[in-house]
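What the coordinates show
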Amino acid sequence: MKSCVTLSLVPALRGGPWILWDELSIGLEKAHALGFDAVELFTEDASAGKPGELAHLLEKNDLSLGAVGTGAGKVIQGLTITSSDQAVREQAKSFIVEMIYFGAEFAAPAIIGSMQGNCGKESTVADARKYLGDALSFLGEKASQAGTFLLYEPLNRYETNLFNHFEEAADFLDEMKIEGVRLLADLFHMNIEEKDIASSLLAGARRLGHVHYADSNRRAVGFGHTPIEPIAQALKKTDFEGYISAEVFDWPDPESAAKQTISSFRKHFS
Ligand code: LER
Ligand code: MN
């Protein structure tokens with residue numbers, strides 16, 4: 001398993017759950033200096049810095065791109081793949097396709113978290129799950145064609161009413177025979193929803209593709225009360241080789257949150 005730290009390039013969203021908030025070159029230098037293997041980027045659209053800059057800076061800092069978040073499509077543009085408005089669903093898918101190609105250049109998956117939306121008054125749960133399944137099938141195929149995969153992230157009940165549990169999401173992907181899509185296990189959401197995080201991870205491990213490494217209060221692991229050792233033991237029992245990526249608040253400050261994360265990663269995963 002590899003360590004990864006989040007870098008948001010969208011200052012307008014300051015206060016959100018990302019550790020580093022610097023401009024690209026400074027953010028990547030810090031991630032390297034702190035000892036991370038990779039960065040996960042949160043961007044406004046399918047670009048980061050000037051053309052060619054990201055490739056150059058990743059190589060210079062000996063970093064990989066762990067994943068790219070697509071949440072700006074929802075929080076800035078108001079798009080979701082389960083909107084009852086077909087035009088909005090199509091725009092959401094186009095936005096995610098661009099993000100898939102952006103990440104694929106660096107072998108990184110795009111994440112569908114907030115972009116999954118919610119089942120509202122205008123649609124039934126069955127309709128919303130049908131839109132979700134159709135979009136994941138289409139986008140999973142695009143990701144596979146681009147040489148990567150797509151990540152689907154179950155969220156807690158306050159952020160979506162589609163899938164809140166890891167194993168249920170794994171069953172949904174299997175039942176719908178969706179290919180090219182793996183699951184993102186966000187330990188913050190799982191702490192709210194799962195009876196036992198370690199057991200749920202093992203139950204859906206066949207689809208696991210990425211971990212958001214966060215404590216109960218969405219601070220760096222060790223700054224809350226989630227018992228992390230059984231979770232680390234469960235992950236080690238699987239054949240998961242992906243990223244343990246810190247998507248947490250920059251509390252008490254970005255550097256302390258990043259240092260706490262890397263020291264917890266080394267303690268539990270190496
Ligand atoms: C995205 O990764 C996520 O976890 C959501 O809660 C949106 O912040
Ligand atoms: Mn997350």
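Anyway, here's the lowdown on the structure attached to this text. The structure presented is a predicted model; accordingly, all values stated were derived computationally and were not measured.

Definitions and limits used
- Residues numbered from 1 in each chain as written.
- Chains lettered and ligands numbered in written order.
- Predicted model: local features only at pLDDT ≥ 70, side-chain atom pairs only at ≥ 80, totals over all residues.
- Heavy atoms only, no water.
- Axes fitted to C-alpha atoms, helices over the stretch in contact; angles between N-to-C directions.
- Helix = DSSP H or I, 4+ residues; strand = E, 2+ residues; numbered from the N terminus.
- Parallel < 35°, antiparallel > 145°, perpendicular 65-115°, else oblique.
- Left-handed = near helix turned anticlockwise from the far one by under 90°.
- Contact = heavy atoms within 4.5 Å.
- Nonpolar A, V, L, I, M, F, W, Y, C, P; charged D, E, K, R; others polar.
- Phe/Tyr/Trp six-rings, centres within 6.5 Å; stacked < 30°, edge-to-face > 60°.
- Buried < 20%, exposed > 50% of the residue type's maximum accessible area, 1.4 Å probe, protein only.
- Lys NZ or Arg CZ within 6 Å of the ring centre and 35° of its normal.
- Near = heavy atom within 4 Å.
- Polar contact = N/O pair within 3.5 Å; in protein donor to acceptor, adjacent residues only side chain to side chain.
- Areas by Shrake-Rupley, 256 points an atom, 1.4 Å probe, with all protein chains shown as cover.
- 1 Å grid on protein atoms, 1.4 Å probe; cavity = no way out; pocket = protein on both sides within 12 Å on 5 of 7 lines; lining within 4 Å.
- Sits in = over half its atoms within 2 Å of the grid points.

What follows deals with the packing of helix 5 (residues 125–145) against helix 6 (residues 166–175). For the pair helix 5 and helix 6, the least separation of the axes is 11 Å and the interaxial angle reads 65°. By the criterion of interaxial angle, the relationship of helix 5 to helix 6 is roughly perpendicular. The handedness of the crossing between helix 5 and helix 6 comes out as right-handed. On helix 6, the residues touching Arg129, Leu132, Gly133 and Leu136 of helix 5 are Glu168, Phe172 and Leu173. Class assignment for the residues of the contact of helix 5 with helix 6 results in 4 nonpolar, 1 polar and 2 charged.

Below, the discussion takes up the packing of aromatic side chains. Two aromatic rings are characterised by how far apart their centres lie and by the angle between their planes. The tally for this structure, following the rule as stated, stands at 6 aromatic pairs. Taking 5.8 Å as the distance between ring centres and 75° as the angle between the ring planes, the aromatic pair formed by Trp18 and Trp21 counts as edge-to-face. Judged on exposure class, the residue Trp18 and its partner Trp21 are both buried. Note on Phe223 and Trp251: the rings are 5.3 Å apart at their centroids and 85° apart in plane angle, and the pair reads as edge-to-face. In this pair, Phe223 sits in the loop between strand 7 (208–212) and helix 9 (228–237) while Trp251 sits in the loop between strand 8 (243–246) and helix 10 (254–269), placing the two residues 28 residues apart along the sequence. Looking at Lys93, its charged tip hangs above the ring of Phe138, at a distance of 5.5 Å from the centre.

Each neighbour pair has its own omega, and for Trp251 with Pro252 the value is -5°, a cis peptide bond. Inspection of the secondary structure assignment puts Pro252 in the loop between strand 8 and helix 10. For Arg218, which is not a glycine, the phi torsion comes out positive at approximately 65°. Mapped onto the elements, Arg218 comes out in the loop between strand 7 and helix 9.

Moving on: the site of ligand 1. Around ligand 1 sit Ser114, Glu153, Leu155, Glu159, Asp186, His189, His212, Arg218 and Glu247, and that is every residue in its neighbourhood. For ligand 1, an oxygen atom lies 3.1 Å from a polar atom in the side chain of Asp186. With respect to ligand 1, the side chain of His212 contributes an N or O atom lying 3.5 Å from an oxygen atom. Starting from 260 Å² of accessible surface for ligand 1 in isolation, the protein chains cover 86%. The cavity where ligand 1 resides is the largest pocket. For the shell around ligand 1, the per-class residue count stands at 1 nonpolar, 3 polar and 5 charged.

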